[in-house]
Amino acid sequence: MNSIENLIPIGKVLKAHGLKGELKISLFDVSSKILLEGINLWFYKNNSYQNYKLEKLRGSSKNIIVKLSEINDRNNVVAFLNKKIFLSKNDYPEPDENNYHLSDLINLEIFDENNNSYGFVCDAIKLPGNNVLIFNYENKEIMVPIVDYFIELFDFKKKVIKVKNINSLLEI
């Protein structure tokens, strides 16, 4: 069984497609190749997380049509509309040595060059220009672009991110 902390949002159900229970979905990362037939997709429905096997997958990155196990007609699709789609971290491929998943950054502690702590990463998002870390500091949501100007290092063993030039972000 997967814990809730192990589930990572990867997309959203847009609408029903056809009469046989297919769903049109969008992925948060349109370049992602994470969806494969046979994996389990998770949805938050009826006050709990439920998983369904991905039976069929077709379409392009912007027009993805999926068929889930046990969903066989359009009436069953209504419960999925506008729901986020989650994938277990266990089903993610392991990144190579010099890469990471954005979800790996969540809950890492942020320090500046002088080892002052600024809190923990609460989210990491992919934007068209670059990826961004989000943390809360003095009741403000601070966004840190993941670029060399701001990021000194990621230390996954110590669960730390060293950030440079952080004061320029705090003054905004």
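Here we summarise the structure given alongside this text.

Here is what the cut-offs are and how they apply
- Residues numbered from 1 in each chain as written.
- Predicted model: local features only at pLDDT ≥ 70, side-chain atom pairs only at ≥ 80, totals over all residues.
- Heavy atoms only, no water.
- Pairing = 2+ DSSP bridges.
- Helix = DSSP H or I, 4+ residues; strand = E, 2+ residues; numbered from the N terminus.
- Axes fitted to C-alpha atoms, helices over the stretch in contact; angles between N-to-C directions.
- Phe/Tyr/Trp six-rings, centres within 6.5 Å; stacked < 30°, edge-to-face > 60°.
- Buried < 20%, exposed > 50% of the residue type's maximum accessible area, 1.4 Å probe, protein only.
- Contact = heavy atoms within 4.5 Å.
- Lys, Arg positive; Asp, Glu negative; His and termini not counted.
- Salt bridge = Lys/Arg side-chain N within 4 Å of Asp/Glu carboxyl O.

## Let's talk about the sheet that holds strand β11 (residues 151–155)
Read from one edge to the other, the open sheet built from six strands follows the order β10-β9-β8-β7-β12-β11, with strand pairing classed as mixed. Each having just a single partner strand, β10 (140–145) and β11 make up the two edges of the open sheet. Mean inter-strand twist for the sheet, computed between neighbouring axes without regard to direction, equals 35°. When strand β9 (residues 131–137) meets β10, the two strands line up antiparallel, connected through six bridges. Each bridged residue has a counterpart across the sheet, and for V132 the counterpart in β10 is P145.

## Section: the packing of aromatic side chains
Within a pair of aromatic rings, the relevant descriptors are the distance that separates the centres and the angle that separates the planes. Considering all chains together, one arrives at eight aromatic pairs under this definition. Here the aromatic rings of Y149 and F150 are separated by 4.8 Å at their centres, their planes lie at 85°, and the arrangement is edge-to-face. Relative accessible area serves as the criterion here: at 51%, Y149 is assigned to the exposed category.

## A few points about the environment of G119
Structurally, the position occupied by G119 is in strand β8 (residues 117–126). Measuring from C-alpha to C-alpha, the distance between G119 and V66 comes to 39 Å, with 53 residues separating the pair along the chain. The contact partners of G119, leaving out residues within four places of it in the chain, are L108, E109 and I110.

## A short note on the side chain of K162
As for its placement among the helices and strands, K162 is situated in strand β12 (residues 160–163). For K162, which is buried and forms no salt bridge, the nearest opposite charge comes from E152, at a distance of 5.3 Å. Contact partners of K162, with chain neighbours within four places excluded, come to F111, D112, E113, N115, F150, I151, E152 and L153.

## A word on the sheet that holds strand β6 (residues 84–88)
Taken together, the six strands give a closed barrel; going around it, the order is β1-β2-β5-β4-β3-β6, and neighbouring strands pair in antiparallel fashion. When the angles between neighbouring strand axes are averaged without regard to direction, this sheet yields 50°. Of the pairings in the sheet, the one linking strand β2 (residues 22–27) to strand β5 (residues 63–68) comprises four bridges and is antiparallel in character. In the sheet register, L23 faces β5, and the bridge partner there is V66.

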